[in-house]
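Each chain is listed here by its residues.
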Amino acid sequence: MTRPLIVGNWKMNTLRHTAMALAQDIGSRYADTSADERGFDLMVCPPFPYLPTVGEAIAGSGVALGAQDCHAAGGGAHTGDVAAEMLADIGCTAVILGHSERRTDHGEIDLAVSEKARAAHRAGLIAIICIGETEAERDAGQAADICARQIAGSVPKGAVAEDTVIAYEPVWAIGTGRTPTAADVADMHGHIRGELSRFLDDADRVRLLYGGSVKPGNAIQLLSVPNVDGALVGGASLSAEDFWAIAQSS
Ligand code: 13P
């Protein structure tokens, strides 16, 4: 069975002292839990400036460190951007790519996401590639096609289960308190698995995360859906207690 992965996407939240406190709290909960009981992997993705602070706070706890974006190039004249190699250099093991907020705020298209994922792989990072339909697309019956197109465009050739995670985040469920039904998530994750198998030899081992309004109250239900191998958590990951409760539901 695939080991579940629970990722906290802190987005553009926290300041240095709150980031440190949150990371220490999560790190000590994970470190204090016996290996038998912690049958899940845990990762936090703070804003860029706090990566080193959070990295220190979770050092030795077993919690992994991830970033929220990277540039496709390894370095050079790209003001304001961060290379995947820099993230690896400061202790990140993963990077979230193609989040719907980046697709919306920064006009990121599938090709850019795929190039960034290639950069992540080049630097030895796991690419957590986000896909998901808008509400209008779902209402128009296009959700499955949109996700298939995003997978085909965003997942680079040569991706394998060890270096790639897919996060299905329906845009209309992010930060809204609304979630798809368990049946809808099962349908979509089965569909995503099938689409991945057209490109990857080991698609059955790629971890598929669900994201969008995951809370302690719905985590058991969402995480028990077939083909859901973990969660990408936004708002609830800013509370150590809630994030921990979600992780323990996996
Ligand atoms: P919320 O959990 O706040 O809905 O955010 C989900 C998300 O976008 C995680 O990447």
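The structure this text deals with has already been given above.
Residue numbering note: each chain is counted from 1, following its sequence as written. Owing to the predicted nature of the model, reporting of local features is limited to residues with pLDDT of at least 70; listing and counting of side-chain atom pairs is limited to 80 or more, with chain, interface and lining totals taken over all residues. Neither water nor hydrogens contribute to the side-chain values; these are computed over all heavy atoms in the structure.

Undergrad: Teacher, can you tell me more about the sheet that holds strand β6 (residues 164-168) here?
TA: Consider a sheet: its strands pair through backbone hydrogen bonds, and that pairing is either parallel or antiparallel. The strand order around the closed barrel built from 8 strands is β1-β2-β3-β4-β5-β6-β7-β8, with neighbouring strands paired in parallel fashion. On average, adjacent strands in this sheet sit at an angle of 25° to one another, irrespective of strand direction. One ladder, built from 5 bridges, connects strand β1 (residues 5-9) with strand β2 (residues 41-45); its direction is parallel. When the bridges of β2 are listed, Val7 appears paired with Met43. At least two DSSP bridges between two strands are needed for those strands to be called paired. Every helix listed is a DSSP run of H or I at least four residues long, and every strand listed is a run of E at least two residues long, numbered separately from the N terminus. The axes used here are C-alpha line fits, helices contributing only the stretch in contact, and every angle between their N-to-C directions lies in the interval 0 to 180 degrees.

Undergrad: Explain the environment of Thr179 here, please?
TA: Topologically, Thr179 is positioned in the loop between β6 and α8 (182-196). Overall, the relative accessible area of 30% leaves Thr179 in the partly exposed class. In this structure, the C-alpha to C-alpha distance between Thr179 and Ser213, residues 34 residues apart in sequence, is 6.3 Å. Any pair of residues with heavy atoms lying within 4.5 Å of one another is described as a contacting pair. Once residues within four sequence positions are removed from consideration, Thr179 is found in contact with Trp172, Ala173, Tyr210, Gly212, Ser213, Asn218 and Leu222. Remark: exposure states derive from per-residue accessible area (1.4 Å probe, protein chains only) relative to the maximum for the residue type, with buried under 20%, exposed over 50%, and partly exposed in between.

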